[in-house]
Number of protein chains: 2
Amino acid sequence: MGVFEAPPNLSGHEQVVFCQDKHSGLKAIIAVYSTALGPALGGTRFYPYESEADAVRDALDLSKGMAYKNALAGLDLGGGKAVIWGDPETDKSEALLRAYGRFVESLRGRYYTACDVGTYVPDMDVIAKETRYVTGRSTENGGAGDSSILTAYGVFCGMRAAAEHRWGAASLAGRTVGVAGVGKVGRYLVKHLLDDGATVVATDVSEQARGWLATNYPQVQFVDDTDALITSDIDVYAPCALGGALNDDTVPILRASIVVGAANNQLAHPGVEKMLAERGILYAPDYLVNSGGVIQVSDEIHGFDFERAKRRASQIFEITGRILRTAESEGVPPAVAADRMAERRMAECGRLRSIYLP
Amino acid sequence: MGVFEAPPNLSGHEQVVFCQDKHSGLKAIIAVYSTALGPALGGTRFYPYESEADAVRDALDLSKGMAYKNALAGLDLGGGKAVIWGDPETDKSEALLRAYGRFVESLRGRYYTACDVGTYVPDMDVIAKETRYVTGRSTENGGAGDSSILTAYGVFCGMRAAAEHRWGAASLAGRTVGVAGVGKVGRYLVKHLLDDGATVVATDVSEQARGWLATNYPQVQFVDDTDALITSDIDVYAPCALGGALNDDTVPILRASIVVGAANNQLAHPGVEKMLAERGILYAPDYLVNSGGVIQVSDEIHGFDFERAKRRASQIFEITGRILRTAESEGVPPAVAADRMAERRMAECGRLRSIYLP
């Protein structure tokens, strides 16, 4: 599993940087897919990969996804992502995080980092001791804080756009929405849905998460698991937990007519978007509707302003609507229309730097 | 063949940067072994590797070698090296070289490049259009020009040190030196040797190289091939062509009692240095005596001054003498003494940055 010799869907990256600090044990890979639209931004995943090849594969895959997400969100940012190869429980230390920050700094702003699986706001504060090119810091340190807030808000905006496209009204009032996963993002989404007049059915493997929701939103009905959820009488399905929620097993039995959720990589494999289209289910691509988080943290680059970031996240409504209409008129699944729009923006705006400015 | 999972002798690198530009076809790997002593400096090899793994292996190997070479030469430089994966005859273009220069620039001086196999002074001039961090440019562009000059001079200095160590006088006068390879470096070395009063026996596969030498130094005697050279009645053997000159076949039949040459990687495999020691042959490690080239080009960083660079290259005499004496007193081959000295300098001077300077 090489970088240049990676499979076609994982190749084409501009720069992939292996970083090592023997003393702290740091082994990190920073992958920059594209800087056509600006500095590459994406989080740092801290994960005990089985092998270096697995770590490389994840970095290549996730950084490409960020390029498309940032392009679609209208951000002036390229796409990148980093992985730290190790167990966050046992390997994370101030020295390791700061060594990582020093390597981020060495790229001098071609890559901005942020939180991802295994890294948290306090970690970004530590990394920020060594580099300016970090987002997702705590509010005390000028950061955007918990990015779940605008992630959930953006998903809600995308869901309203899908509702308008399908039913003619940009509202979930009177609809039943099934939310799989009511952790950090899902619980904020539930509030938006209830405020909008929707009925919410939920499931979560975590007793703590269920308990929190039952206490705060007793009107939410719980079902045992995701299978029970997707076979319930729901209008909209919102996958907000692990990836691969839409697969060969779930799509055939799904009762919802719209799928819009916060989870990353909802399609288990290429082709699932066609299965959804054939069943008449309207699917708004995950990386299109869940970009509220990156919109929130990237606002830190300009000095964080929550209201400005929220206005920008609200544009997910317009962008989703446009993608769904384009997909319909071109007779392609929305995921294909979204990919094309992202690629067009990277190509058309990226080439503008060829116009020399004295 | 990974970066983190590389074999022990090829591992421990600080940073390895894969760079790609789809339009120009650039695929480059910049390997930084260490920046403990300063920015990493090393040339760019342009070569049609069979596979990405081969390219990675070469980058890891060569960059580590540069770290040791630069450390031993007393330069305030770390070690790095880059490879461009492609055929320099067909793939080299202005766009590709400039794309490469842009990636060198993106590291903001953590890596300085220079010429190596497949890249030449005019290529460095092109790369310099995109980055400040390039040496080996033409003299018209502020460069050091042909680095063969001080490479040969440094080898001559190292040979004088070996002569003094073995025979008591720092001169080759009255000795017979066998020079294998009289190309760019070898022909300059021949002149130093003749000026010093040595007898020179030479061989070269290139008719052109032989012709040039026969015209300019008719007193040099030629033999058919390297086997004929090393079994001649020579006092010193100077391998100045391909790597691997000292191997299981050549060492047992070698008649010289000193080996000092310009070629890189003269030892075909670990252990050959012991075979030489057991036969009583004094071997001055290649990366110790052939650092005149990197001394010459690195002087460009300070605004090139040939006389300053030559003075610095002349210190190869003292350093080689010190290594040979240390090796003798510690009962180890000179290659081991040289490695230890390089590692000690990197560790001891590298840690000085921990002393904070306001």
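The numbers attached to residues start from 1 for each chain and follow its sequence in the written order. By the order in which they are written, chains take letters starting at A while ligands take numbers starting at 1. The model is predicted, so local features are restricted to residues of pLDDT at least 70 and side-chain atom pairs to those at 80 or more, both for listing and for counting; the totals for chains, interfaces and linings are taken over all residues. By convention in this description, side-chain values take in all heavy atoms of the structure and omit both hydrogens and water.

A.B. asks: Quick question: what am I supposed to make of the overall build of chain A here?
C.D. replies: Labels follow the DSSP assignment, with helices taken as runs of H or I lasting at least four residues and strands as runs of E lasting at least two, numbered in each case from the N terminus. Helices and strands together make up the secondary structure of chain A, namely 14 helices and 12 strands. Its C-alpha atoms give chain A a radius of gyration of 20 Å, within 12% of the compact-globule value 21 Å for 358 residues. The C-alpha extent of chain A, read off along each of the three principal axes, is 55 × 50 × 40 Å. Expressed as a percentage of its 358 residues, the buried residues of chain A come to 57%. Partitioning the intrachain contacts of chain A with sequence separation of at least 6 by distance along the chain shows that 65% fall at a separation of at least 24. Distance between charge centres in chain A, computed from 36 positive and 45 negative side chains, equals 6 Å. To get the radius of gyration, use the C-alpha atoms; to get the globule rule, take the number of residues to the power 0.38 and multiply by 2.2 Å. Relative accessible area decides the class of each residue, using a 1.4 Å probe on protein chains only: under 20% of the type maximum gives buried, over 50% gives exposed, and in between gives partly exposed. Working rule for contacts: check all heavy atoms of both residues, and any pair within 4.5 Å makes them a contact. Under this rule, positive means Lys or Arg and negative means Asp or Glu; His and the chain ends count for nothing. For charged residues, the charge sits on one atom: NZ in Lys, CZ in Arg, CG in Asp, CD in Glu.

A.B. asks: Got a minute to help me understand the interface of chain B and chain A in this structure?
C.D. replies: Interface size is often expressed as the accessible area that is lost when the parts come together. Across the contact, 26 residues belong to chain B and 26 residues belong to chain A. Any N or O atom pair separated by 3.5 Å or less is treated as a polar contact, with the protein-specific requirement of one donor-capable and one acceptor-capable atom, and with residues adjacent in sequence counted only for side-chain atom pairs. Here chain B is connected to chain A by 16 residue pairs in polar contact (both at pLDDT 80 or more). For the side of chain B that touches chain A, the secondary-structure elements that each account for two or more residues are strand S1 (15–21), strand S2 (26–34) and helix H3 (94–106) of chain B. With six residues, S1 of chain B is the largest single contributor of residues to the side of chain B that touches chain A. Partitioning the side of chain B that touches chain A into residue classes produces 12 nonpolar, seven polar and seven charged. Two elements, strand S1 (residues 15–21) of chain A and S1 of chain B, share five bridges in a ladder whose sense is antiparallel. Bridge pairing in S1 of chain B places Gln 15 of chain A opposite Cys 19 of chain B. As a working rule, the residues Ala, Val, Leu, Ile, Met, Phe, Trp, Tyr, Cys and Pro are called nonpolar, Asp, Glu, Lys and Arg charged, and the rest polar, with Gly in that last group. At least two DSSP bridges between two strands are needed for those strands to be called paired.

A.B. asks: Any chance you could explain the domain arrangement of chain A here in plain terms?
C.D. replies: All names here are of chain A. The split of the chain into domains comes from an automatic or database domain assignment. Taken as a whole, chain A is organised into domain 1 (15–63 + 77–138) and domain 2 (148–344). On a C-alpha basis, the centroid separation for the pair domain 1 and domain 2 is 27 Å. Tallying the contact residues gives eight residues for domain 1 and five residues for domain 2. When two parts are put together, the accessible area they lose, computed with a 1.4 Å probe and summed over both, is reported as buried area. Summed over both partners, the interface of domain 1 with domain 2 buries about 610 Å², with 62% contributed by carbon and sulfur atoms.

A.B. asks: Please clarify how the environment of Ser 51 of chain B should be interpreted in this entry.
C.D. replies: Along the chain, the position of Ser 51 of chain B falls in the loop between strand S4 (44–47) and helix H1 (52–72). Sequence-distant contacts of Ser 51 of chain B, defined by excluding residues within four places in its chain, comprise Glu 5 of chain A together with Trp 85 of chain B. Within the structure, Ser 51 of chain B has its side chain in polar contact with the backbone nitrogen of Asp 54 of chain B (distance 3.1 Å).

A.B. asks: Where do I start with the UniProt feature "active site" (unreviewed entry) in chain A in this structure?
C.D. replies: Residues and elements named next belong to chain A. UniProt positions are given in the numbering used here, feature names are shortened, and annotations may be inferred rather than shown by experiment. Taking the numbering used here, the UniProt-annotated feature "active site" (unreviewed entry) corresponds to Lys 81. Tracing the backbone shows Lys 81 in strand S5 (residues 78–85). Excluding anything up to four places from it in sequence, Lys 81 contacts Ile 29, Ile 30, Ala 31, Gly 42, Gly 43, Ala 59, Leu 62, Ser 63, Met 66, Tyr 111 and Asp 116.

A.B. asks: In this structure, what is going on with the relation of the copies chain B and chain A? I would like to understand it.
C.D. replies: Related by rotation about an axis and a shift along that axis, the two copies of the chain form a pair. In superposing the copies, a least-squares fit is computed on C-alpha atoms, taking residues whose pLDDT is at least 70 in both. The transformation that overlays chain B on chain A combines an axial shift of 0.0 Å with a rotation of 180°, and the residual RMSD is 0.0 Å. Both copies of the chain, as the preceding transformation shows, are related through a two-fold rotation axis. If distances are taken from each C-alpha of chain B to the rotation axis, the shortest is found for Val 17 of chain B, at 2.2 Å. A share of 100% of the interface residues of chain B reappears at the interface of chain A, consistent with the copies meeting face to face through the same patch.

A.B. asks: Any chance you could explain the sheet that holds strand S10 (residues 236–239) of chain A here in plain terms?
C.D. replies: What holds strands together in a sheet is hydrogen bonding between their backbones, with the strands either parallel or antiparallel. All names here are of chain A. Here we have six strands laid out as an open sheet, ordered S9-S8-S7-S10-S11-S12, and parallel in their pairing. The open sheet has two free edges, formed respectively by strand S9 (221–222) and strand S12 (282–283), since each of these has just one partner strand. Here S10 runs beside strand S11 (residues 258–259); their pairing, made up of two bridges, is parallel. Each residue of the ladder has a partner; that of Val 236, found in S11, is Ile 258.

A.B. asks: Where do I start with the packing of aromatic side chains in this structure?
C.D. replies: Within a pair of aromatic rings, the relevant descriptors are the distance that separates the centres and the angle that separates the planes. Working definition: a ring pair exists when centres of Phe, Tyr or Trp rings (six-membered ring for Trp) sit within 6.5 Å. Plane angles under 30 degrees give stacked, over 60 give edge-to-face, the rest tilted. Per the stated rule, a full pass over the model turns up 15 aromatic pairs over all chains. Taking the centre distance of 5.2 Å and the plane angle of 45° together, the rings of Phe 18 of chain A and Phe 18 of chain B count as tilted. Here Phe 18 of chain A, found in strand S1, pairs with Phe 18 of chain B, found in strand S1, and the two come from separate chains. In this structure Phe 18 of chain A comes out as buried when scored by relative accessible area, which is 3%. Arranged with centres 6.5 Å apart and planes meeting at 75°, the rings of Phe 304 of chain B and Phe 306 of chain B form a pair that is edge-to-face. Members of the aromatic cluster, each reached through a chain of ring pairs, are Phe 4, Phe 18 and Trp 85 of chain A together with Phe 4, Phe 18 and Trp 85 of chain B. Geometry around Trp 85 of chain A places Lys 27 of chain A over its ring, the cationic atom sitting 5.5 Å from the centre. Counted as over-ring charges are cases with an Arg CZ or a Lys NZ within 6 Å of the ring centre that also lie within 35 degrees of the ring normal. The aromatic ring of Trp 212 of chain B is capped on one face by Arg 187 of chain B, whose charged end is 4.3 Å from the ring centroid.

A.B. asks: Whenever I open this one, the side chain of Arg 110 of chain B confuses me. Can you help?
C.D. replies: Locating Arg 110 of chain B in the fold gives a position in the loop between H3 and strand S6 (111–112). Among the polar contacts made by the side chain of Arg 110 of chain B, one reaches the side chain of Glu 14 of chain B at a distance of 2.9 Å. Residues contacting Arg 110 of chain B, with those up to four places away along its chain left out, are Phe 103 and Ser 106 of chain A together with Glu 14, Gln 15, Val 32, Thr 35, Pro 39 and Ala 40 of chain B.

A.B. asks: How should I be thinking about the sheet that holds strand S12 (residues 282–283) of chain B in this particular structure?
C.D. replies: Residues and elements named next belong to chain B. Ordered by their spatial adjacency, six strands build an open sheet running S9-S8-S7-S10-S11-S12, and the pairing between neighbours is parallel. Only two strands of the sheet have a single neighbouring strand rather than two, namely strand S9 (221–222) and S12. Relative to strand S8 (residues 199–203), strand S7 (residues 176–180) is paired through five bridges, and the arrangement is parallel. Across the sheet, Val 177 pairs through a bridge with Val 200, a residue of S8.

A.B. asks: Just to check I follow, could you spell out unusual backbone geometry for this structure?
C.D. replies: Negative phi values dominate among residues other than glycine, just as trans dominates among peptide bonds. Residues and elements named next belong to chain A. Although it is not a glycine, Arg 108 adopts a positive phi angle of roughly 55°. Among the structural elements, Arg 108 can be located in the loop between helix H3 (94–106) and strand S6 (111–112). By relative accessible area, Arg 108 is classed as partly exposed at 40%.

A.B. asks: Even after reading the chapter, I still don't get the nonpolar core, so can you show me in this structure?
C.D. replies: The tendency in soluble globular proteins is for nonpolar side chains to be buried side by side. We define a nonpolar core as any set of buried Ala, Val, Leu, Ile, Met, Phe, Trp, Tyr and Cys residues linked to one another through side-chain atoms lying within 4.5 Å. Of all hydrophobic cores here, the largest spans 84 residues; its most connected members are Ile 30, Tyr 100 and Tyr 111 of chain A together with Ile 30, Tyr 100 and Tyr 111 of chain B. If you look at the next biggest cluster of nonpolar residues, it comprises 49 residues, including Ala 238, Cys 240, Val 260 and Leu 282 of chain A.

A.B. asks: Looking at this structure, I do not really get the packing of helix H5 (residues 148–167) of chain B against helix H13 (residues 316–330) of chain B. What am I missing?
C.D. replies: When two helices pack together, you describe them by how their axes are tilted relative to each other and by the distance separating the axes. All names here are of chain B. Where H5 meets H13, the axes come as close as 8 Å, and the angle between the chain directions of the two elements is 40°. It follows from the interaxial angle that H5 and H13 lie oblique. Where H5 crosses over H13, the two elements pack in a sense that is right-handed. Contacts from Gly 154, Cys 157, Gly 158, Arg 160, Ala 161, Ala 162, Glu 164 and His 165 in H5 reach Ile 316, Phe 317, Thr 320, Gly 321, Leu 324, Arg 325 and Glu 328 in H13. When the residues that make up the contact of H5 with H13 are grouped by side-chain class, the tally is six nonpolar, five polar and four charged. For helices, the fitted axis covers only the stretch in contact; all axes are lines through C-alpha atoms, and the angles between them, taken along N-to-C directions, range from 0 to 180 degrees. Each angle receives one of four descriptions, namely roughly parallel if under 35 degrees, roughly antiparallel if over 145, roughly perpendicular if within 65 to 115, and oblique otherwise. Note on convention: the crossing is left-handed when the near helix lies turned anticlockwise from the far helix by less than a right angle, right-handed when the turn is clockwise.

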